[in-house]
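Residue-level structural notes
Spelled out from the first residue to the last, the chains are:
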Amino acid sequence: MVQAAAALASRGGVEAMQMRTVAERAGVALGTLYRYFPSKMDLVVAVVGEEIDLLEASIERRPPNAATPAGRAVDVLMRATRGLMREPELADALIRSLIMAEVDTPFGDRMAGLLLRVSADGLSVESADEEQYALAGSLAAVWVHELLEMLRGRRTYEQVQRRLEIAAGRLFAGLGS
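Residues numbered from 1 in each chain as written. Predicted model: local features only at pLDDT ≥ 70, side-chain atom pairs only at ≥ 80, totals over all residues. Heavy atoms only, no water.

As named in an unreviewed UniProt entry, the chain is TetR/AcrR family transcriptional regulator, taken from Sphaerisporangium album.

Spelled out as structure tokens, the structure:
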């Protein structure tokens, strides 16, 4: 069901993710789809969760090897950018939906946690102090903004990377190596 929704969104944005169409494409009854995903936003959140799962699996297979916390964070964010930009319509639909979401989504927490883990030698959301968590969340927010600018044609990949390097360098300056 999640893969069917992602496929539809990659071709026509969130508007193409009509629940009936998703159910048909997934080969399930509409009631079954609604049992697992009570709303379209729940389905969008699931698609985003699957994208983050893929990113985390990629990082497990090939951890970032930059010498600094900021470098490792940028590596992760640029991997995510490359992955999302393979399907720009899907990326645009997901990011816009998350920004406009009226439901609580785990996206920010998951990205902040991922950035903490790779940047601070396994630091978790639970073990991070308030400042560390806020800084990781801030870097994730900068990335979302830069990704949107890239999707709008206002930034190149290189510009996004440079801006993230600057932000990460400042935000993670005291995190240690």
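Once that is clear, we can look at the overall build of the chain. The secondary structure content of the chain amounts to 9 helices and 0 strands. The helix and strand sequence of the chain, counted from the amino end, reads α-α-α-α-α-α-α-α-α. Taking 16 Å as the expected radius of gyration for a compact globule of 177 residues, we find that the chain reaches 17 Å, a close match to that expectation. Counting only C-alpha atoms and orienting by the principal axes, one finds that the chain spans roughly 50 × 35 × 30 Å. Split into buried and exposed, the 177 residues of the chain put 44% on the buried side. (Helix = DSSP H or I, 4+ residues; strand = E, 2+ residues; numbered from the N terminus. Rg over C-alpha atoms; globule rule 2.2 N^0.38 Å. Buried < 20%, exposed > 50% of the residue type's maximum accessible area, 1.4 Å probe, protein only.)

Within this model, the largest pocket holds a volume of roughly 410 Å³. In this structure, the largest pocket is lined by 22 residues; those nearest its centre are E51, L55, R79, A80 and G83. Going through the elements one at a time, α4 (40-61), α5 (69-85), α6 (88-100) and α7 (107-119) are the ones with two or more residues in the lining of the largest pocket. Looking at side-chain class alone, the lining of the largest pocket contains 14 nonpolar, 2 polar and 6 charged residues. (1 Å grid on protein atoms, 1.4 Å probe; cavity = no way out; pocket = protein on both sides within 12 Å on 5 of 7 lines; lining within 4 Å. Points joined across faces, edges and corners; volume = space filled by probe spheres on them. Nonpolar A, V, L, I, M, F, W, Y, C, P; charged D, E, K, R; others polar.)

As annotated by UniProt and renumbered to match this structure, "domain: HTH tetR-type" (unreviewed entry) occupies residues 1-55. End C-alpha to end C-alpha, residues 1-55 measures 20 Å, and it is 76% helix and 0% strand. (UniProt positions renumbered as here; feature names shortened; annotations may be inferred.)

Glancing now at the side chain of T81. Structurally, T81 can be placed in helix α5. Its relative accessible area of 0% is what places T81 among the buried residues. Residues within four places of T81 in sequence aside, it is in contact with W143, L147, M150 and Y157. (Contact = heavy atoms within 4.5 Å.)

Here the focus is the UniProt feature "DNA-binding region" (unreviewed entry) in the chain. When the UniProt feature table is mapped onto this chain numbering, "DNA-binding region" (unreviewed entry) sits at residues 18-37. Taken end to end, residues 18-37 is 75% helix and 0% strand, and its first and last C-alpha atoms sit 12 Å apart.

Here we take up the pattern of salt bridges. With the rule as written, the count across this model stands at 10 salt bridges. Taking the shortest distance from any N to any O, the salt bridge between R110 and E56 comes out at 2.9 Å. Remark: E56 occurs in helix α4 and R110 occurs in helix α7; sequence separation between them is 54 residues. By relative accessible area, which is 22% here, R110 ends up partly exposed. A salt bridge links E146 to R155; its shortest N-O distance comes to 2.6 Å. An identical accessibility class is assigned to E146 and R155; each is buried. A single salt-bridge network, built from bridges that share partners, covers E146, E149, R152, R154, R155 and R163. (Salt bridge = Lys/Arg side-chain N within 4 Å of Asp/Glu carboxyl O.)

The next point concerns the confidence of the model for the chain. Taken residue by residue, the chain gives an average pLDDT of 88. The fraction at 70 or more is 96%. Ranking the helices and strands of the chain by mean pLDDT puts helix α9 (residues 157-171) first, with 96, and α6 last, with 78. (pLDDT = per-residue confidence, 0-100.)

If you look at the biggest cluster of nonpolar residues, it comprises 59 residues, and the most contacted ones within it are L139 and W143. Every element with two or more residues in this core is listed here: α1 (2-12), α2 (19-26), α4, α5, α6, α7, α8 (130-151) and α9. Among the elements that make up this core, the one with the highest residue count is α4 (9 residues). Once residues lying within four places of it in the same chain are set aside, the contact partners of W143 are L77, A80, T81, L84, F107, M111 and L164. (Core = buried A, V, L, I, M, F, W, Y, C linked by side-chain atoms within 4.5 Å.)

Before going further, it helps to spend a moment on the environment of M100. Here M100 lies in helix α6. On a C-alpha basis, the gap between M100 and L175 in space is 32 Å, while along the polypeptide they are 75 residues apart.

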